[in-house]
Amino acid sequence: MVKTNQSSIEFIALMASLMSVVALAIDALLPALDVIGMAVHTQTPTENQLIITMIFLGLGIGPLIFGPLSDNLGRKPAVYFGFVLFLLASFICVSSETIQYMILGRILQGIGLSAPRTISIAIIRDQYQGDPMARIMSFVTVVFLLVPIVAPAIGKMVLDQFDWQSIFLMQLWCSGAVALWFWKRQPETLDPKNKRPLQLKDYFHGLTEVVKEPKTMGYTLISGLVFGSFMVYLSGAQQIFHDQYGLKDEFPLIFAGLSIAIGLAIFSNGHLVLRFGMKKMVTTALYGFLAIALLYVVLYSGQINPSIEVLMLFFGLQFFAIGFLFGNLRALAMQPMGHIAGMAAAITGFISTIMALPISTYIGTYIQDQVWPIFLGFTICGALSLLILWGINRLSLKKAS
């Protein structure tokens, strides 16, 4: 464990800030998607969704680069490289005149931001372990959740006062401030004796270990399905609330309210998981996830959209269930991988992201005029997830016998 002169409060705030630049880069753009789409000459609202979803491709690829790099050069140099790449990618986005260049910039932004996002967890692990680490991670998560709540409102305020390019410049200013704070106040936490050489064979070894472990692969596949269905909402929220419901001014408040539903679930999970265990929490949440989505499809399939109050209720319940899934699924997938935790985390994250992108892109093409296709996507992904969970449990029983 590395000793520092930081207070726990400052350390929590700094680690949360490193993670939060990702949320700001995603959620602050939501109110401006239609404006950006016109500027880069998109043809359909579905193409606008790519401005959001493509950053996740970078976030999936990046840990494969920066995870091993941080184990070789140290935590701080890897974070610096990530921020520099984010800077260059942001200027590509600002100067984009076509959707192709914007997508390139967003992918590179995601790769760059994967460094502070991923390495912040490694820094926490360097300095804490066991229950203290869990406590720090809980506090960091609570602070981090504040950003998705306020980011769309910040993005709309910047858009109303300036232009869409200024949202990217605002993100640069915020990330620069976090980088400066990180440079001044965070010491290097990687012990020199724990440095590892960069070797390609480590990737193949890690991939083989992940693929051969049924529990790790099973929970990773479920993560990809759940994350993919959630990304449909994330990329299509502006289209739904702006175009279908005409709630352009109210959109930041709506997005904030639904973000709170996920936050409440994550906060509750910290208490309930100790009592019931991760497997039971995941099983219950998946059944709830499927039941809510299926009920909406039965009630509103092929019908006009319900009132905004009804839609908010269904979305809120859906996201409350999702809040119990994200962390628990990742933890369950990583349980058998303690001997290669860093590499396994990068590989499982990459697999789930690569799964999520085509799922979200495909389902997103169907939400032109109605919301129910999102819930149909939730239903299909929920049913497939429960099928995979059944398979995991069946294999576990076979091994036990």
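Scope of this entry: the structure provided in the associated data block. Nothing here was measured: the structure is a model prediction, and the numbers come from that model.

### A few points about the overall build of the chain
Scanning the chain for helices and strands turns up 16 helices and zero strands. What you see for the chain is a C-alpha radius of gyration of 21 Å, in line with the 21 Å of a compact globule of 401 residues. Its C-alpha atoms give the chain principal-axis dimensions of about 60 × 60 × 35 Å. Counting every position in the chain, which comprises 401 residues, the buried fraction comes to 54%. Restricting to contacts in the chain with at least 6 residues of sequence separation, those with at least 24 account for 85%. Surface summary for the chain: the accessible area is close to 18000 Å², and the carbon and sulfur share equals 67%. Of the side chains in the chain, 24 bear a positive and 20 a negative charge, and the two mean positions are spaced by 16 Å.

### Focus: the side chain of S20
Position of S20 among the secondary structure elements: in helix α1 (residues 8-27). Residue class for S20 comes out buried when judged on its relative accessible area of 9%. Setting aside anything within four residues of it in sequence, one finds S20 in contact with F144 and V147.

### Section: helix α4 (residues 75-94)
With 20 residues, α4 extends 29 Å from end C-alpha to end C-alpha; this agrees with the ideal 28 Å at 1.5 Å per step. Looking at α4, one finds that the buried residues are R75, K76, A78, V79, G82, F83, F86, A89, S90 and C93. Seen end-on, α4 carries its buried residues on one side only, within an arc spanning 155 degrees. In this structure, the buried side of α4 is in contact with α1, α3 (45-73), α5 (99-127) and α8 (164-185).

### Notes on the nonpolar core
Counting 118 residues, the largest nonpolar core has F56, F241, F315, F319 and F375 as the members making the most contacts within it. Among all residues touching F315, those that are not within four sequence positions of it are Y233, I240, F241, L258, V371, I374, F375 and F378. With ten residues, the next largest nonpolar core counts M217, M337, A344 and I347 among its residues.

### A word on the pattern of salt bridges
Evaluated as defined, the whole model comprises four salt bridges. One salt bridge in this structure joins D71 and R75, with 2.8 Å as the shortest N-O distance. The exposure class of R75 is buried, given its relative accessible area of 7%.

### Let's talk about the packing of aromatic side chains
Centre distance and the angle of the planes are the two values used to describe a pair of aromatic rings. Summed over the entire model, instances satisfying the criterion amount to 24 aromatic pairs. Above the face of the F182 ring, K76 is positioned so that its terminal group lies 5.6 Å from the ring centre.

### Remarks on a nonpolar patch on the surface
Taken together, the side chains of L376, I380, L384, L387 and W390 make up a nonpolar region of the molecular surface, amounting to roughly 500 Å² of accessible area. Following the sequence through the fold, I380 ends up in helix α16 (residues 372-400). With a relative accessible area of 47%, I380 lands in the partly exposed category.

### Side note on the packing of α3 against helix α10 (residues 214-244)
Following both chains from N to C, one finds α3 and α10 inclined at 130 degrees, their axes separated by 9 Å at the closest point. On the basis of the axis angle, α3 is oblique to α10. Between α3 and α10 lies a crossing of right-handed hand. Where α3 approaches α10, its residues P45, Q49, I52, T53 and F56 are matched on the opposing element by F227, M231, L234, S235, G236 and Q239. Its residues assigned to classes, the contact of α3 with α10 shows six nonpolar, five polar and no charged.

### Thoughts on unusual backbone geometry
Despite not being glycine, H41 shows a phi value in the positive range, around 65 degrees. Looking at the secondary structure, you find H41 in the loop between α2 (33-39) and α3. Residue H41 is classed as exposed on the basis of its relative accessible area of 52%.

Quick notes on the rules
Residues numbered from 1 in each chain as written. Predicted model: local features only at pLDDT ≥ 70, side-chain atom pairs only at ≥ 80, totals over all residues. Heavy atoms only, no water. Helix = DSSP H or I, 4+ residues; strand = E, 2+ residues; numbered from the N terminus. Rg over C-alpha atoms; globule rule 2.2 N^0.38 Å. Buried < 20%, exposed > 50% of the residue type's maximum accessible area, 1.4 Å probe, protein only. Contact = heavy atoms within 4.5 Å. Areas by Shrake-Rupley, 256 points an atom, 1.4 Å probe, with all protein chains shown as cover. Lys, Arg positive; Asp, Glu negative; His and termini not counted. Charge placed at Lys NZ, Arg CZ, Asp CG, Glu CD. Expected span 1.5 Å × (residues − 1). Arc of directions from axis to C-beta. Core = buried A, V, L, I, M, F, W, Y, C linked by side-chain atoms within 4.5 Å. Salt bridge = Lys/Arg side-chain N within 4 Å of Asp/Glu carboxyl O. Phe/Tyr/Trp six-rings, centres within 6.5 Å; stacked < 30°, edge-to-face > 60°. Lys NZ or Arg CZ within 6 Å of the ring centre and 35° of its normal. Patch = residues over 30% accessible without salt bridge, like charges linked within 9 Å, V, L, I, M, F, W, Y side chains within 5 Å. Axes fitted to C-alpha atoms, helices over the stretch in contact; angles between N-to-C directions. Parallel < 35°, antiparallel > 145°, perpendicular 65-115°, else oblique. Left-handed = near helix turned anticlockwise from the far one by under 90°. Nonpolar A, V, L, I, M, F, W, Y, C, P; charged D, E, K, R; others polar.

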